[in-house]
Structure formats: C-alpha cells, structure tokens
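Coordinate analysis (summary)
The residues making up each chain are set out below.
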Amino acid sequence: MEFWKDPINTIFASLLKSFTSGGMSEVLATILIWLIGILLFVTFAMVLDIFLVWIERKVVARFQDRLGPNRIGPFGIFQPFADIVKLLIKEDITPVGADVILFNLAPIFSMMSVLLLWAIMPFAPLMVGVDLNVGMLYLVAAGSIGTLSVIMAGWASNNKYATMGAFRTVAQMISYEIPMVAAILVITVLAGSMGAVGIVEAQEIPFIFYAPLTFIIFLISAIAELGRSPFDLNEAESEIVAGFHTEYTGMKFGLFYAGELLHSFTFGGFIALLFFGGHRFFGLEELGPIVGALIFIGKALFFYWVIMWVKYTVPRIRIDHMLAFNWKFLTPLAFILLMVTALVGRLFLESNWLVPALFLSNILIAWLTVEYLKSHARKEREKEEALKPSAQMTQH
Amino acid sequence: MIPISWYLILAAALFSIGLFGVLARKNAVAILLGVELMLNAVNINLVTFWRYNAPETVTGQVFAIIVFAVAAAEVAVGLALIISIYRNRNTIVADDLDMMKW
Amino acid sequence: MQITQILFLIFAAIILGSAFKVVTTKKMIHAAFWLIVTLFGVAALYAMLNAGFMAMVQIVVYVGAIAILFIFAIMLTRKELLDSAAPLNKNWTVAALFALLSFSGLFTLLNNWRGFANTAPELSADMDTITELGTALVTPNAYLLPFEVASVLLLAALIGAVYVANEAKSE
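Rules used in this analysis
Residues numbered from 1 in each chain as written. Chains lettered and ligands numbered in written order. Predicted model: local features only at pLDDT ≥ 70, side-chain atom pairs only at ≥ 80, totals over all residues. Heavy atoms only, no water. Helix = DSSP H or I, 4+ residues; strand = E, 2+ residues; numbered from the N terminus. Rg over C-alpha atoms; globule rule 2.2 N^0.38 Å. Contact = heavy atoms within 4.5 Å. Lys, Arg positive; Asp, Glu negative; His and termini not counted. Charge placed at Lys NZ, Arg CZ, Asp CG, Glu CD. Core = buried A, V, L, I, M, F, W, Y, C linked by side-chain atoms within 4.5 Å. Buried < 20%, exposed > 50% of the residue type's maximum accessible area, 1.4 Å probe, protein only. Domains from an automatic or database assignment. Expected span 1.5 Å × (residues − 1). Buried area = accessible area lost by both parts, 1.4 Å probe. Polar contact = N/O pair within 3.5 Å; in protein donor to acceptor, adjacent residues only side chain to side chain. Nonpolar A, V, L, I, M, F, W, Y, C, P; charged D, E, K, R; others polar. Salt bridge = Lys/Arg side-chain N within 4 Å of Asp/Glu carboxyl O.

A few words now on the overall build of chain A. Within chain A, the secondary structure is distributed over 15 helices and two strands. In summary, chain A has a C-alpha radius of gyration of 24 Å against a globular reference of 21 Å for 396 residues, a match within 12%. Projected onto the principal axes, the alpha-carbon positions of chain A cover approximately 90 × 65 × 40 Å. Long-range contacts, defined here as pairs at least 24 residues apart, represent 75% of the contacts in chain A between residues at least 6 apart. The positive charge centre, built from 26 side chains, and the negative charge centre, built from 30, are 7 Å apart in chain A.

And the structure:
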C-alpha cells in the first residue's frame, strides 16, 4: 500500500536500508542511489525513444496511406532495433578539416538538451526528478543548450551547407524562443508559480480554458523550436542538403535523430503540463501516482501525435516568410495576450467570472487578429493588382 | 561551509584574466570576450555579497540582473560595430584601427 | 573537506582554466566555446550560492544569446590569417604585469577587510527569493526605475545595433 501511494520514496527508503546495513555511510549510499535513479530514468527515456521511432514511422505511414514497418515482430515493433543495428555498424566518418572535438561533442549536447528537460517533468505529485522553483526558466535554458549543439555541429563539420543550415536553424530557434517565453509567462501569471509542480497544482480547470490562444502560440513556437515541418528549413533537401547534420554518419546522426524525436515527445509532455493539467484527468489521478504518471504519458503521447499531425500535413515555409511570421505576427500577438491576461486576471481576481472573462477576451483577440489579417491581405492584393493590370488581363 | 574569501579570490582572479585578455588580445572580438569575463567576475561578487551579507533583501540580485542587461546591450552594440568595421576596413585587429577617419 | 568545498574547487578550476583558454587560444571560435564553459561554471557557482534564478538567467542570457552572438560575429569576420597569426600583441608582457598587479591589489584590499573569513548565514526555509525579486523589480519604492531604464537601454542597443550593422545604410 505504501508503495502504491509513494513509489519513489518507498524504493529509496528500502534501498537505503539495504545499502547501509552493509556498513556503507549514509551520504555515500544516498549519492549512489541517486546515481542509480538517474541512470534508470535516463534509460527509461532512451527505451521510450526507441519506441517513439516505431510510432513515428507507423503514424507517418498512416498519414501517407501506407502500412509502415510490418515485417519484424508484431506490427513491426522491432523495426527500430534493426535500425539501431544498422546505424551502429555504419562507418563512423569524421570529415577532413573538421574540428574533431566540437564535431563529436555536438550530438551529445543535442541529446543532453532533451534529457535535461526530463529532470523537471512532473509525472505525478511525488514522481518528479526535482521541483525547481524556476522550472519554466530551466525549460528555456535547456533550449539554449540545443541551440548551442546546432551551431557546434554546423561549424565543426567544415561544410558550407552545414554552416548555412546551422545559421538558419539558430536564427529560427532564437526568434521563436521569444513568443514561447511570452506564452510561458502567460501561464506563469495564471499559475502564480514558475515551478512545474506548482503549475499542475494550480490547474483545477485546465489552463487551455484560460488561454486557448496562448496554447496555439506555444504549439507553433514549440514546433519551430523542434525544427519539425513546417519549420524544418534546416533540412530543406533541395537547398542545403540536410542542414547542420549533413556530415554526420552512423550513431552520431542517430543521436540527432533520437534527440529530435524525444524532444517532440518532451514538448508534448510540456504542452500537457502547461495547458491540460499534467497528470490530472477527471479525478482519476486520485488512484495513485502510478496512474497519474500513466495519464501524463498518455497525454504527452497525444500531443506528440498532434505535432506529427502538423508535421505531415503542412508543407515547408520559406525562411523569410517564417521570420516575418514570427516577428511581425506571433511575437506582438504573444505580448498583447500577456498584457490582456494580466489585466483581465487582475480585474477578475478571486471571482468566479475569471475563466469566462479570460476565455472571451481570448476569443475577442482572435477575432480582431483574423479581421486585421483579412484587411491587410486585401490591401496587399489590391496593391499587387494595381501594379500589374496587364498580367491580370492575360490571365482572364 | 565555504568562507566568503574563496568566492572573492575566484572573482578577483577571473577579473584579472579578463583584464589580461582586454589588454593583450589583437582581435577586437577577443577583447569583447575579455570584457565579458570581467563582467562575470563582477556578477559573482554581487551575488556572493548578497548571499553572505544581506540574504534577507534582494538588492544584490537586482544589481546582477541590471549587469546582465548592460552586458547584453554592450555585446550587441560592440559586435555590430566590429562587423561594420570589418565591412569597411576588412580587418578587426585592434592595432590596425588607428585612423580617426578615412 | 566537505562536499560543497570540493565542488567549489572543481568549479573554480573549470572557470579559471577555461577563462585562461579564452584569452590565450589562437582560434577565435575555440575562445568563444571556452567562454561558454566559463559561463556554465559561473552558473554552477550561482546555484551553489542559492541563487537558482540567477543561474538560469545566466544560461538563458549568456549562453543562449550572448555566446551565440559572439559565435556569429566570429564567423562573419573570419579570416584564415587571424587564426594562424599570434593571438597576443607585442605588449602582452605589460598586460600580464597589469593583470597580476590588479589581482594582487584586489587580494591585498580584500585581505585587509575584517569580514574576509565570514561564512554564509543560514537561509530561512520559507523564504521565496523569486517572489521577492519580482516584487522588488516592479515596486516604485524599490527598483522599478532602474528596471525601466535597463529595458530602455536594451531597446536603444537593439536599434543601434541594427542601424550600425545594416550594410545598406552605411553609404
């Protein structure tokens, strides 16, 4: 029963007892158990990553009206293991003129930026690596390590395409960090806390009802941060080969690829945490932390699927369009939302009308934005048509 | 417990290394790197004094945050100037940039 | 030796070693990456000083923005010549002397201060530094004005940097 209520601490206590009974000092035993815990946690993430490869391939096949891997094991579930064997036995090439140390460090940093995020993922009330009071800032900080790995890989490859791909990706990641931070700020204002556990606790009503537009902004900027389609300019094959990881082979490429998939899943988890109440699901989480963790993983998988859905539905955007979309549309909208949320939240503080007021103000902003975009597009079109009437004539 | 002296000596050493970088490096970008080291040393001092002398107020941390903002502004303007100079003069060796106008 | 002391010494060695590499490495891009190592070390020190917020801001602002800017600038102004020539100018001995002087001067000054061997006071468990910091930054009697001035400074720097680095305007 004890275990069902608080699994992590129960395991910790029993391990500590058995370790210290052998004459080990308590400090050493604690550090050792922590290390074992970290190792197990990371192993869990990596094993999950293997199955994410399979899920990704299956789902993309369904979106494209194919069957996907179906030969190895039931439903092709052992396909990723075959992939891993293939990646491991490939030749490990370091290009001539590459900066060897940076070249080999970059994939590790890429993976690290993802695994660092797992430290603050609150699977259930008592199942969280560490409850940092600056959790959301930590999320942004880990993202900047990802940026670092991209520029390392691009520069160290000694390849013009890789460098250009890295420039593009870094420009994209830095730009889209700003609306993402603004969206996180909206959530911080609503929850009154920056810690992941505090944000989950504040969601008696999931924050999606407080801030639906913020959710959309966060989703878009998260996809851009991940570098997935429609923002996968770093791997526009016709322009810059495969972007910053052009020169990587074998398992080093595998680390980038696995990092991207795990990053998508992790951001699915963060969307679930920020907007959909984390492990909460109509009181089902009362059954115990393990059920809560399963609910959380289920929600994370669902938003991972949403990210894939966007990826395989929307075509790639041109780079100037992408940057203009961020700076001229997404960032101002995010800041307007932040101000409106703060203002409305202040006016309706402690009142029952807080949720409807915030929801309505979001709808109002969305409607105004759409109207503004419509009139803007009409003006642009009229300008274009006024410029070249002859082209119009020939078309008709 | 770590005495305050350890932090202060570390910050002093970091500041001196940064000063050496500013005075001795040829490349203008490297000079800015040295300035960053010096600003970091100052920030270590500010946070250390906050922790050891006045943890009940937040003054030290506010000062450090202002230093962050100043560092960001300094780097943005400094690097923009260096890139502009590189475009016009095709060099960023600080010793070669000795003309007042051209 | 306590664990915290050993940790401090490790971080101090990382910071000073990488800072030394920053000012002496030939390849500029390596100097920038060594700077990133230094910045991570300093962030770890902030975490040891119970300033978690500062540690995170250090990584977000310095590693995520300033270091990336440096790397971009180094790539944009790269010349093979600069990477192979001597990284230090001919007066580097004088510079080293100045650096040593400044260190010994600071050390003497600090050594004469009577609080030099102070240890940190205990933090009360219920203290929430982040809330206090946030309140202090927007309270008119506290630091609202410096905060606003800092934001105006950032805006001015942003506009200035765009204007200076914009090639089309330099005619």
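Moving on, we come to the nonpolar core. Within the largest apolar cluster, 181 residues are counted, with the highest numbers of intra-cluster contacts made by A:Trp118, A:Met136, A:Phe218, C:Phe53, C:Met54 and C:Phe70. Per-element accounting of this core gives the leading share, 17 residues, to helix α3 (residues 52-76) of chain C. Split by domain, the residues of this core number at least three in each of domain 1 (1-89) and domain 2 (99-395) of chain A. Filtering out sequence-adjacent residues up to four positions away, C:Phe53 remains in contact with A:Val134, A:Leu137, A:Met194, B:Ile65, C:Ile130 and C:Leu133.

Take helix α11 (residues 250-275) of chain A next. Counting along an α-helix, one turn takes 3.6 residues, and residues three or four places apart therefore face a common direction. Residue and element names in this part refer to chain A. For α11, which comprises 26 residues, the first-to-last C-alpha distance of 38 Å matches the rise-based estimate of 38 Å (1.5 Å per residue) to within 8%. When you tally the buried positions in α11, you get 22 out of 26 residues, the bulk of the element. Backbone geometry just after α11 places Gly 277 at a positive phi near 75°.

Tallying the contact residues gives 20 residues for chain C and 22 residues for chain A. Carbon and sulfur atoms make up 88% of the surface buried where chain C meets chain A, a total of about 1900 Å² over both sides. For the chain C face of the interface with chain A, the top three residues by lost area are C:Phe33, C:Met56 and C:Met75, together amounting to 27%. Where chain C packs against chain A, one counts one residue pair in polar contact (both at pLDDT 80 or more). For the side of chain C that touches chain A, the elements supplying multiple residues, two or more each, are α2 (28-48) and α3 of chain C. Taken together, the residues of the side of chain C that touches chain A break down into 16 nonpolar, three polar and one charged.

Contacts between chain B and chain C engage 72 residues on the former and 84 residues on the latter. At the boundary of chain B with chain C, total buried surface from both sides reaches about 7300 Å², with 77% on carbon and sulfur atoms. One can count zero salt bridges joining chain B with chain C. Here chain B is connected to chain C by ten residue pairs in polar contact (both at pLDDT 80 or more). Listed by contribution, the elements that provide at least two residues to the side of chain B that touches chain C are α1 (4-24), α2 (28-53) and α3 (59-89) of chain B. Looking at the side of chain B that touches chain C, the element that brings in the most residues is α3(B), giving 24 residues. Split into classes, the residues belonging to the side of chain B that touches chain C amount to 53 nonpolar, twelve polar and seven charged.

So, on to the domain arrangement of chain A. All names here are of chain A. The domains assigned to chain A are domain 1 (1-89) and domain 2 (99-395). Once you take the C-alpha centre of each, domain 1 and domain 2 turn out to be 25 Å apart. Counting residues at the interface gives 23 residues for domain 1, matched by 30 residues for domain 2. Buried area between domain 1 and domain 2, summed over both chains or domains, comes out near 2300 Å², and the portion from carbon and sulfur atoms is 80%. Our enumeration of links across domain 1 and domain 2 arrives at two residue pairs in polar contact (both at pLDDT 80 or more). Going through the elements one at a time, α1 (2-5), α2 (7-21), α3 (26-63) and α4 (79-88) are the ones with two or more residues in the side of domain 1 that touches domain 2. Looking at the side of domain 1 that touches domain 2 element by element, the count peaks at 14 residues for α3. Residue classes in the side of domain 1 that touches domain 2 are distributed as 18 nonpolar, one polar and four charged.

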